[in-house]
There are 2 protein chains.
Amino acid sequence: MAIDDLADKVLDIGRRRGFFWPAFEIYGGVAGFYDLGPYGALLKQNIIEEWRRHFIKRYPDLIVEIETPVITPEKVFIASGHVENFVDPIVGCKKCGRFFRADQLIEEKLGVKAEGKSVEELTDIISKSGLRCPVCGGELGEVRLFNLLFRTQIGPYQGSVGFFRPEAAQGMFISFKRVHQVMRNKLPIGIAQIGRVARNEISPRQGLIRLREFTIMEFEFFFDQNEPGADEYIDKVRNEKLSLITADMRREKIEEPQSFTIDEALRQGVIKTPWMAFWMYESTLFLEKIGVPRTNIVFEEKLPEERAHYSRQTFDQLVKTARWGWIEVAGHAYRGDYDLSRHKQFSGEDLTVRKQLREPVERRTLVVRLNKAVLGRELKDKLDSIQQQIKSMSPEVLKRELDNKGFIEVSGVRLSRNHLVIEEVVEKVVTISVTPHVVEPSFGSERLLYVAMEYALREKQGRLILSFPRRIAPVKVAVLPLVDNEKIVGMAKRIYDMLKETDLMVTYDDSGSIGRRYARADEIGVPVCVTIDYQSLTDGTVTLRDRDSWKQVRVHVDKLVESLRRFIYDNVEIEELGPIFFSEEKE
Amino acid sequence: MAIDDLADKVLDIGRRRGFFWPAFEIYGGVAGFYDLGPYGALLKQNIIEEWRRHFIKRYPDLIVEIETPVITPEKVFIASGHVENFVDPIVGCKKCGRFFRADQLIEEKLGVKAEGKSVEELTDIISKSGLRCPVCGGELGEVRLFNLLFRTQIGPYQGSVGFFRPEAAQGMFISFKRVHQVMRNKLPIGIAQIGRVARNEISPRQGLIRLREFTIMEFEFFFDQNEPGADEYIDKVRNEKLSLITADMRREKIEEPQSFTIDEALRQGVIKTPWMAFWMYESTLFLEKIGVPRTNIVFEEKLPEERAHYSRQTFDQLVKTARWGWIEVAGHAYRGDYDLSRHKQFSGEDLTVRKQLREPVERRTLVVRLNKAVLGRELKDKLDSIQQQIKSMSPEVLKRELDNKGFIEVSGVRLSRNHLVIEEVVEKVVTISVTPHVVEPSFGSERLLYVAMEYALREKQGRLILSFPRRIAPVKVAVLPLVDNEKIVGMAKRIYDMLKETDLMVTYDDSGSIGRRYARADEIGVPVCVTIDYQSLTDGTVTLRDRDSWKQVRVHVDKLVESLRRFIYDNVEIEELGPIFFSEEKE
């Protein structure tokens, strides 16, 4: 199938068969918002469930899932740096009033790289190049920063600002301490969340690929930077390969990805921390489960100026698509201790973890106190307040100030060296405080849905087939009476009723020829059709038809549920379920 | 267990074992927002999955699930009536600036019924009674209406207002036409959605029970009012009983619910439409599945003044709780054609459904046109615009106005009877347009989570046990090596690794005595523990211990997964899985 063709057919099936369509259609739509129809919603649920199985259920010792609110008070995003940094440069047309994302407009119209430039630089480029409004040709104004957080007010009090979260991550950071506690102080520990996030994009244009609101699946993986505890996991995957385009390669204009074993990537420092490499590899396996071949998955490192403010290293996980080229379906960020440190600072809560040492170590700390003997009597009534304040100050800062200036001022009183006693105390300690470091794999589920559809699409004898991996197929089984005969229909309905009570999503179709019904089922990716025919009435067998090979086998009704489960969940070949009935499709 | 005790213990386990806790704790919390911890998130997922199985997978011919955005443009909520009607009366203290919900304050402090009263009436009650601020004693201001929609701005354009949806329903209404189409024009059809909603409550105070943000599970069930197509479904449940407190009973101060068969409730008009009765009954069965006995479920009808603006009849589905008395866990609203009609009117889109008639019927319609013969020449240049306007008006409205006033005014021109030709046209039609009516069952998942925990809690020999229905238990299996013996631990780990790859959520615990570990598993409701002991090493059997009876049976490892599945999903007794090993718990 030609490339453009492929994408068009996905969009066509998407709309015609009810996978997805633009939201608010009857009101003219709003860019960046999509509905998922019945099959799209099922597909997304199955992708989410596959993610959960892959990352959480398979690693119950490492990862737990929580759920935190979407609406979040301002304090959290001030601490996280999003109020200051979660911004895009915007420029408005002075004539028609339309807004554009300034860096993108420059890149598109002038072919100049503009990501990461300051508003002054962008304004300068626009005015020097004479770039004008692409819609009306009017003059463009000054570039300014637009914050992408959706803002609201919580409760009746003005000034009680809240935001719609742009990532689920902050929920994991601010609840880290409590989760760590209920999980009996495990470290490393990953805290996952699957939920809605929203980003107020200036002018989203890529359909399902760039949404203002979507479902994120991400986890924050907390570990002790000095003892990551990753060895036993890394050992299993040491020789597995990742396809990387590093920041260095990008600077040297090398566009072809290079294959690194995990061992090489870690030893060469290409990936900065072992857990990041481990989860990047697991993320590759996950994409394979939803139908993307490994050859079409690449990790591209962000350049420092492209990275989010919290990140020490980021790899975008890219997948090749027909419509949009290589698109990011996941981001892998090494957030260091940025978030926990910031929340510690802004909330005043201790977000460190106590770590038991194998053997005691000496810890030297400075202690500062007042030398009451030399303090004048006139200070007596201020003594308490001065003492309090000195206690609350960092001894290191205080000493440095004293060394620099020769005095410090506390409660309006000038204290010099001899008013204070500064001592170094040496203790033996068996536990220390650790602020865990964090790596974060983060997936957008709607992009995965689109990607799964593109990779599933096949054309066979002029028919479209969505060959989803069976586990993620929206509908698992279609029950079809061969002909409109009372007994056959009766048996078909009984089988249908039986299957409805199982975990298998099932549909029933009795309209049109059997060929048409197979085609209809193929088009939405139903892995197996159960057909009830005349023979069924005499020997209790039915046919199972495989969506991909179009082969049919006969199975006894008593073994039906078990056979379907094996086919869907254990991925066995259709031939293993029973004798071949026939293997040519009759239209 | 004493009632208060019970609730306290739920809250204690909730926090201590990580089911739920107030969100944003490190920043002092924000009323109305909760986090779900690892076990709470799993419990909620299982309740949602049970809901999906019960209402959607069991009725694939009737109900489909979709997903629409949380952020919604203003137009939608103007049309739906929420911008005007989704309000609570609020009153502020002139001294301390605090706000209160006016009707609740009056009911609490004065013992007067105030729900549904106008702001003027409420202000009057406050000033006449001399009611003052309950916090500082200051004077209260005038009562005004506060809109409970969280407001935001979509994109960079001021005035492009959006709201965080307070119900998922509008997504189903505005996409009804498209879903109806992709589902091959089925009617009746239910469109379900499970997703986040938010209501900016003035001062929420009941923990997990009254949240500003929560996950709704609801469906809009569309049917032809004249041919609901419910008979085959109602027939199956005609003699089943519902426990009702009707509006009439409430007016007569009858507080004890009365038992009605569905047949009686429909024949007596107590429930206004059959589908509502059907789904109320199914909702009772659903609550039983999550552990609420039928005797503790009551449907209370709302009085007209208590109903939402869109509703023709509403029943709250109440469940008895220890902490909060009878609480609403679901609402059942008969929304009529309100929503589709409003969206039709505001969007201009035809949201009706074509219905094929069994035999043609005569349809009489009024047609109005200008009588050009008697129109003065001076109107000639206005003719087109007058004609356009008359076309766009409803002929019935126009005729009524003409009959009442003797003239109508169009484009500033006064037209009387003889300027217009009004004719009745008779046609034979075989299809008609139907605006479907809607009943809506709507559940709050966090309340169900709380209710499930309260109903699951047991105390036995001084230990707390969460006896969840097995399907909804957060963790399904705990794997425990009896003692710290290398071979036993090795076998336990192999079993654990095997179970991780299944659909069963599994945990591993090797810390402390076996009794402690059983207790720890019971407390979070793990239905079954798998213990590996010395005998396991010789004959390959392990023990399965039932959370509720504390009985143990021996099962061979080869049959383990199958046995666990039967125990969890098919709800068999533990004795059916193998020979009793012992049935007394040793601490």
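Rules used throughout
- Residues numbered from 1 in each chain as written.
- Chains lettered and ligands numbered in written order.
- Predicted model: local features only at pLDDT ≥ 70, side-chain atom pairs only at ≥ 80, totals over all residues.
- Heavy atoms only, no water.
- Helix = DSSP H or I, 4+ residues; strand = E, 2+ residues; numbered from the N terminus.
- Buried < 20%, exposed > 50% of the residue type's maximum accessible area, 1.4 Å probe, protein only.
- Contact = heavy atoms within 4.5 Å.
- Areas by Shrake-Rupley, 256 points an atom, 1.4 Å probe, with all protein chains shown as cover.
- 1 Å grid on protein atoms, 1.4 Å probe; cavity = no way out; pocket = protein on both sides within 12 Å on 5 of 7 lines; lining within 4 Å.
- Points joined across faces, edges and corners; volume = space filled by probe spheres on them.
- Pairing = 2+ DSSP bridges.
- Least-squares fit on C-alpha atoms with pLDDT ≥ 70 in both.
- Core = buried A, V, L, I, M, F, W, Y, C linked by side-chain atoms within 4.5 Å.
- Axes fitted to C-alpha atoms, helices over the stretch in contact; angles between N-to-C directions.
- Salt bridge = Lys/Arg side-chain N within 4 Å of Asp/Glu carboxyl O.
- Buried area = accessible area lost by both parts, 1.4 Å probe.

## Brief notes about the overall build of chain A
Item 1. When helices and strands are tallied, chain A shows 20 helices and 29 strands.
Item 2. Principal-axis analysis of the C-alpha atoms places the extent of chain A at approximately 110 × 65 × 55 Å.
Item 3. When the 587 residues of chain A are sorted by exposure, 57% land in the buried category.
Item 4. If you take every contact in chain A between residues at least 6 apart in sequence, the share linking residues at least 24 apart comes to 68%.
Item 5. Within the structure as shown, chain A displays about 25500 Å² of accessible surface, and the carbon and sulfur contribution to it stands at 46%.

## Notes on empty space enclosed by the protein
All names here are of chain B.
Item 1. Within the structure shown, the criterion is met by five cavities of 30 Å³ or more.
Item 2. Roughly 80 Å³ of internal volume is contained in the largest cavity.
Item 3. Surrounding the largest cavity, 14 residues form its lining, Thr68, Pro69, Thr72, Gln170 and Gly171 being those nearest its centre.
Item 4. The element best represented in the lining of the largest cavity is helix α7 (residues 169-174), accounting for three residues.

## A few points about the pairing of strand β15 (residues 313-321) of chain B
Residue and element names in this part refer to chain B.
Item 1. Taking burial as the measure, the nine residues of β15 include eight buried ones, the bulk of the element.
Item 2. The sheet contact formed by strand β14 (residues 297-301) and β15 spans five bridges and is antiparallel. Counted as the bridge partner of Val298 is Leu318 from β15.
Item 3. Relative to strand β16 (residues 325-336), β15 runs antiparallel, the two sharing nine bridges. Residue Gln317 lies in a different strand from β16, and its bridge partner there is Ala330.

## Observations regarding the relation of the copies chain A and chain B
Item 1. When chain A is fitted to chain B, the residual RMSD is 0.9 Å, and the transformation amounts to a turn of 179 degrees plus an axial shift of 0.1 Å. The superposition of one copy onto the other is thereby described by a two-fold rotation axis. Taking C-alpha positions as reference, the residue of chain A nearest the rotation axis is A:Thr152, located at 2.5 Å.
Item 2. Counting the interface residues of chain A, we find that 100% of their copies in chain B are interface residues as well, pointing to one common contact surface.

## Focus: the nonpolar core
Item 1. Within the largest apolar cluster, 241 residues are counted, with the highest numbers of intra-cluster contacts made by A:Trp279 and B:Trp279.
Item 2. Not counting the four nearest positions on each side in its chain, A:Trp279 is found in contact with A:Phe55, A:Tyr59, A:Leu62, A:Ile63, A:Phe219, A:Phe221, A:His332, A:Val439 and A:Pro441.

## Thoughts on helix α18 (residues 514-523) of chain B
Residues and elements named next belong to chain B.
Item 1. Counting buried positions along α18 yields eight of 10 residues, so the element is predominantly enclosed.
Item 2. When α18 is considered as a whole, its buried residues turn out to be Ile514, Gly515, Arg517, Tyr518, Arg520, Ala521, Asp522 and Glu523.
Item 3. Note on α18: the residue one or two positions beyond its end, Gly525, has a positive phi of about 85 degrees.

## Thoughts on the sheet that holds strand β4 (residues 71-73) of chain A
Residues and elements named next belong to chain A.
Item 1. Pairing is antiparallel across the open sheet formed by three strands, whose spatial order is β4-β9-β8. Each of the sheet's edge strands pairs with one partner strand only, and the pair in question is β4 and β8 (150-153). Recorded for the sheet is a direction-independent mean angle of 40 degrees between the axes of neighbouring strands.
Item 2. When β8 meets strand β9 (residues 161-164), the two strands line up antiparallel, connected through four bridges. Within the sheet, the bridge partner assigned to Arg151 lies in β9 and is Phe163.

## Points about the sheet that holds β14(B)
All names here are of chain B.
Item 1. Read across the sheet, nine strands follow the order β3-β10-β11-β21-β16-β15-β14-β12-β13 without closing on themselves; strand pairing throughout is mixed. Two strands bound the open sheet, and with one partner strand each, they are β3 (63-65) and β13 (258-261). Adjacent strand axes in the sheet meet at a mean angle of 30 degrees, parallel and antiparallel pairs treated alike.
Item 2. Of the pairings in the sheet, the one linking β3 to strand β10 (residues 189-198) comprises three bridges and is parallel in character. Residue pairing across strands places Ile63 opposite Gly190, the latter belonging to β10.
Item 3. In this fold helix α2 (residues 38-57) packs onto β3, β10, β11 (213-223) and β21 (437-444), with an angle of close to 0 degrees to the strand it touches most, β11.
Item 4. Across the face of the sheet, helix α16 (residues 445-456) comes into contact with β10, β11, β15, β16 and β21 while running at roughly 50 degrees to β21.

## Quick notes on the pattern of salt bridges
Item 1. Tallied over the full model, the rule gives 112 salt bridges over all chains.
Item 2. One continuous salt-bridge network, built from bridges that share partners, spans A:Lys44, A:Arg196, A:Glu213, A:Glu446 and B:Glu67.

## Examining the interface of chain A and chain B
Item 1. Across the contact, 85 residues belong to chain A and 85 residues belong to chain B.
Item 2. For the chain A and chain B pair, buried surface summed over both sides reaches about 7300 Å², with 59% attributable to carbon and sulfur atoms.
Item 3. In terms of surface lost to chain B, no three residues of chain A exceed A:Ile26, A:Tyr27 and A:Glu67, which account for 12% of the buried area on that side.
Item 4. One can count 10 salt bridges joining chain A with chain B.
Item 5. For B:Asp509, the salt bridge is made with A:Arg184, and the minimal N-O distance between the two is 3.6 Å.

## What about unusual backbone geometry?
Item 1. A cis amide bond, omega 0 degrees, links A:Leu187 with the succeeding residue A:Pro188.
Item 2. Within the secondary structure layout, A:Pro188 lies in the loop between α8 (176-182) and β10 (189-198).
Item 3. With a phi close to 45 degrees, A:Gln461 is a non-glycine residue in the positive phi region.
Item 4. One can find A:Gln461 in the loop between β22 (457-460) and β23 (463-466).
Item 5. Unlike most non-glycine residues, B:Asn185 shows phi in positive territory, near 60 degrees.

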